[in-house]
Amino acid sequence: MIVAETLAMRLTAFDIGADGTLTNRRVWAMLGMRAPDGICLDANGHVWIANAIAPECLLIAPGGAIVATVQTDQPCFACMLGGRDRRTLYMMTAPSSSADVASAARRGHVMCVEVETPGAGRP
């Protein structure tokens, strides 16, 4: 299991035991000045991250190398691979994570692009 630690600016992985116990906590990727909010896994074992502090969604390889970048028009807070073949990257954006700012501006929307590698795992 890989989780986004938004304020720590990293992805952290765990092994899941047969009884659901999480073990072997480890840093999967340090992301520098990128705050991963929503994430999703692709079939190559890379992770798309929605960067909550910049207008971008990035594909990250194990260890932290950036494989691809999709520019968005405002900060990105969630992403998911979907569509019939799971090759459509949906990105949810908004002007701010502040509920007051986001609801007053009413500029949040979903962007999408086609990507080469389909989604994996479960949403």
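Structure first, text after, so check above.
Right, let's walk through the structure included here.

Moving on, we come to the nonpolar core. Core analysis: the largest hydrophobic core is formed by 12 residues, namely C40, W48, A50, C57, L59, V70, C76, C79, L81, L89, M91 and V115. Elements with a contribution of two residues or more to this core: β5 (47-51), β6 (56-60), β8 (76-82) and β9 (88-93). Broken down by element, the residue count for this core peaks at 3 residues, all from β8. Here W48 is in contact with G38, I39, C40, C57, L58, L59, A68, V70, C79, L81, L89 and V115, once residues within four sequence places are set aside. L11, A13, V47 and I60 belong to the second-largest nonpolar core, a separate cluster that totals 9 residues.

Here we come to the pattern of salt bridges. Per the stated rule, a full pass over the model turns up 4 salt bridges. Note that R10 is salt-bridged to E5, the shortest N-O span being 2.9 Å. Each member of the salt-bridge network shares a partner with another, and the members are E5, R10 and R25.

Here we come to the sheet that holds strand β2 (residues 10-16). In a beta sheet, neighbouring strands pair by backbone hydrogen bonds and run either parallel or antiparallel. Here we have 3 strands laid out as an open sheet, ordered β1-β2-β3, and antiparallel in their pairing. Two strands in the sheet have a free side with no partner beyond their single neighbour: β1 (2-5) and β3 (22-30). Between one strand axis and the next, the sheet turns through 30° on average, direction left out of account. Sheet topology places β2 next to β3; 6 bridges connect them, and they run antiparallel. Bridge pairing in β3 places D15 opposite T23.

The next subject is unusual backbone geometry. The phi dihedral of M9 falls on the positive side, at around 55°, and the residue is not glycine. On the secondary structure map, M9 appears in the loop between β1 and β2. Backbone geometry at N24 places phi at a positive 55°, although glycine is not the residue there. Note that N24 resides in strand β3. On the basis of relative accessible area, N24 is assigned to the partly exposed category, the value being 44%.

Calculation rules
- Residues numbered from 1 in each chain as written.
- Predicted model: local features only at pLDDT ≥ 70, side-chain atom pairs only at ≥ 80, totals over all residues.
- Heavy atoms only, no water.
- Core = buried A, V, L, I, M, F, W, Y, C linked by side-chain atoms within 4.5 Å.
- Buried < 20%, exposed > 50% of the residue type's maximum accessible area, 1.4 Å probe, protein only.
- Helix = DSSP H or I, 4+ residues; strand = E, 2+ residues; numbered from the N terminus.
- Contact = heavy atoms within 4.5 Å.
- Salt bridge = Lys/Arg side-chain N within 4 Å of Asp/Glu carboxyl O.
- Pairing = 2+ DSSP bridges.
- Axes fitted to C-alpha atoms, helices over the stretch in contact; angles between N-to-C directions.

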